[in-house]
Amino acid sequence: MEEKILKLFKKKPEHYLSGEQISKSLNITRSAFWKHIEKLRLYGYEFDAVPHLGYRLRKAPDKLYPFEISPILKTRIIGKDIIYHDTVGSTNTIAYNLAKSGAKEGVVVVAERQTKGRGRLSRIWSSPKEKGIYLSIILRPKMTPFKAPVMTLMAAVSLAQAIRESADVQAFIKWPNDILINEKKVSGILTEMDAEADFVKFLILGIGINANTKILDLPKGATSIAQESGVFVVRQQLVKALLERLEQNYLLIQKEGFAPIRTQWRNLSVTLGRRVKATCMHKQIEGEAVDIEPDGGLKVRLDNGFYEKVMAGDLALLR
Ligand code: BT5
């Protein structure tokens, strides 16, 4: 009902709408209408109320409420259900548990803040309140676990595209899971899955984006979109762009395999052609990153002329 009431106010932003008008058109009582307005006020919406004229929506809060995102979202699968939390430990943990208990493909868990946001290998992901975007998506791709790395690359392509659409910045992908602007990290992806030897039961794409986050709240070497573009990011619009791109690329990967995404990845990469140092487990290699392989691995030309493929790990861009 809150969503419906907001829709009426947003349709005529300049006009005052009377409680009577709204109650009638939504077929609710005046006191029910009043309760919904009070609830919306608690959510952070501000109304001008003028006797004999009614109410006008003065200000909507900068929150990732599902009833703000759903009406603008044009997807069929991803984000059909959005589960919103103000504060959570980690959206990935919540999504993982939901998927374990049978939640549908496409469910998105979003939070304004995480107290135990994590990166790979249990590293900390700084998740300050209401400035960033922290969300996790449940997917159930029909693929074997060894093909799963391409899903992280697909998410990276979607993220770079969505960030570029939402702000005037050049977002690039650093293999395997980082998005950089001006060589500084603005976003990261944490892919987790539950799988049998020959099939993926479900996969969780966890995405963190520093949208309007202050540099002081971030670790060294990190930045935010607002910091780099000089413009405040409307997070609801960025979430919309991201989920739409993700769905488009996810459907593409299922239909045509990794090849078309691989081409887009190459175009958005800040990795290829660079001298890199890759660390995987305790092994380190150094050389030039020359290509991305059909399975998502990074092909590196070593100084002795031999090639090596890295499937996972951390990458430092040297020059
Ligand atoms: C990542 O790990 O980059 C994956 C981050 C995924 C976060 C999302 S938020 C929603 C979902 N729920 C979660 O709990 N997680 C996911 P990794 O490549 O391991 O990078 C981690 C490193 O990035 C840290 O060790 C820091 O150096 C750095 N870092 C931490 N917070 C950051 C931030 N907000 N922005 C940029 N860099 C950060």
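Here the structure is a predicted model, which is why all the values come from computation and not from measurement. (Residues numbered from 1 in each chain as written. Predicted model: local features only at pLDDT ≥ 70, side-chain atom pairs only at ≥ 80, totals over all residues. Heavy atoms only, no water.)

So, about the environment of arginine 235. Mapped onto the elements, arginine 235 comes out in helix α8 (residues 235-256). Put simply, arginine 235 and leucine 246 are 11 residues apart on the chain and 16 Å apart in space, counted from C-alpha to C-alpha. Those residues within four positions of arginine 235 in sequence are excluded, and the remaining contacts are Asp62, Lys63, Leu64, Glu112, Glu130, Lys131, Gly132, Ile133, Ala211 and Asn212. (Helix = DSSP H or I, 4+ residues; strand = E, 2+ residues; numbered from the N terminus. Contact = heavy atoms within 4.5 Å.)

Turning our eyes to something else, we now look at unusual backbone geometry. For the peptide bond that leads from tryptophan 175 to proline 176, omega is -5°, which places it in the cis range. A positive phi angle, near 70°, is found at histidine 52, a position not held by glycine. Mapped onto the fold, histidine 52 is located in the loop between β1 (46-50) and β2 (54-59). Even without glycine at this site, serine 122 takes up a positive phi of about 60°. Structurally, the position occupied by serine 122 is in the loop between β4 (108-114) and β5 (133-139).

Let's shift gears to the domain arrangement of the protein chain. Each assigned domain of the protein chain is listed with its residue range as follows: domain 1 (2-59), domain 2 (66-268) and domain 3 (275-317). Between the C-alpha centres of domain 2 and domain 3 there is a distance of 24 Å. The partner domain 3 presents 15 residues to the 14 residues of domain 2 that form the contact. Between domain 2 and domain 3 lies a buried interface of about 1,200 Å² when both sides are counted; carbon and sulfur atoms form 59% of it. Looking only at domain 2, the three residues that lose the most surface to domain 3 are Lys174, Trp175 and Arg262, adding up to 49% of its buried area. Taken together, the links from domain 2 to domain 3 amount to four salt bridges. Here aspartate 291 makes a salt bridge to arginine 266, at a shortest N to O gap of 2.9 Å. Inspection of the region where domain 2 meets domain 3 yields seven residue pairs in polar contact (both at pLDDT 80 or more). Where the side of domain 2 that touches domain 3 is concerned, the elements lending two or more residues are α6 (149-166) and α9 (259-268). (Domains from an automatic or database assignment. Buried area = accessible area lost by both parts, 1.4 Å probe. Salt bridge = Lys/Arg side-chain N within 4 Å of Asp/Glu carboxyl O. Polar contact = N/O pair within 3.5 Å; in protein donor to acceptor, adjacent residues only side chain to side chain.)

Moving on, we get to the site of the ligand. Close to the ligand lie 27 residues; Ser90, Arg118, Arg123, Lys185 and Asn210 are nearest. Separating an oxygen atom of the ligand from a side-chain N or O atom of arginine 123 is a distance of 2.5 Å. Within the side chain of asparagine 210, a nitrogen or oxygen atom sits 2.8 Å from a nitrogen atom of the ligand. A total of 790 Å² of accessible area belongs to the ligand in isolation, and the protein chains cover 90% of it. The set of elements that each furnish at least two residues to the shell around the ligand consists of α5 (91-100), β5, β8 (184-195) and β9 (200-209). The element contributing the most residues to the shell around the ligand is β8, with four residues. When the residues that make up the shell around the ligand are grouped by side-chain class, the tally is nine nonpolar, 13 polar and five charged. (Near = heavy atom within 4 Å. Areas by Shrake-Rupley, 256 points an atom, 1.4 Å probe, with all protein chains shown as cover. Nonpolar A, V, L, I, M, F, W, Y, C, P; charged D, E, K, R; others polar.)

Further remarks concern the sheet that holds strand β13 (residues 307-310). Sheet architecture is open: five strands sit in the order β13-β12-β11-β10-β14, paired in antiparallel fashion. In the strand order of this sheet, the two ends are held by β13 and β14 (314-317), each with one partner. Ignoring which end each strand starts from, the neighbouring axes of this sheet average 45° apart. The pairing of strand β10 (residues 275-280) with β14 spans four bridges and is classified as antiparallel. (Pairing = 2+ DSSP bridges. Axes fitted to C-alpha atoms, helices over the stretch in contact; angles between N-to-C directions.)

Per the counting criterion, the structure on display carries nine aromatic pairs. Where phenylalanine 33 meets tyrosine 55, the ring centres are 5.5 Å apart and the plane angle is 75°; that geometry is what we call edge-to-face. Of the two residues, phenylalanine 33 sits in helix α3 (residues 30-42) while tyrosine 55 sits in strand β2, which places them 22 residues apart along the sequence. Across this residue pair, the class does not change: phenylalanine 33 and tyrosine 55 are buried. Here tyrosine 43 and phenylalanine 67 contribute two aromatic rings whose centre-to-centre distance is 5.6 Å and whose plane-to-plane angle is 35°, an arrangement assigned as tilted. With tyrosine 43 in the loop between α3 and β1 and phenylalanine 67 in helix α4 (residues 66-69), this pair connects stretches of sequence that are 24 residues apart. The buried category is assigned to phenylalanine 67, whose relative accessible area is 16%. A connected cluster of aromatic rings, assembled from ring pairs, spans Tyr43, Tyr45, Tyr65, Phe67 and Tyr84. Between arginine 164 and the ring centre of phenylalanine 172, over which it is positioned, the NZ or CZ distance is 4.9 Å. (Phe/Tyr/Trp six-rings, centres within 6.5 Å; stacked < 30°, edge-to-face > 60°. Buried < 20%, exposed > 50% of the residue type's maximum accessible area, 1.4 Å probe, protein only. Lys NZ or Arg CZ within 6 Å of the ring centre and 35° of its normal.)

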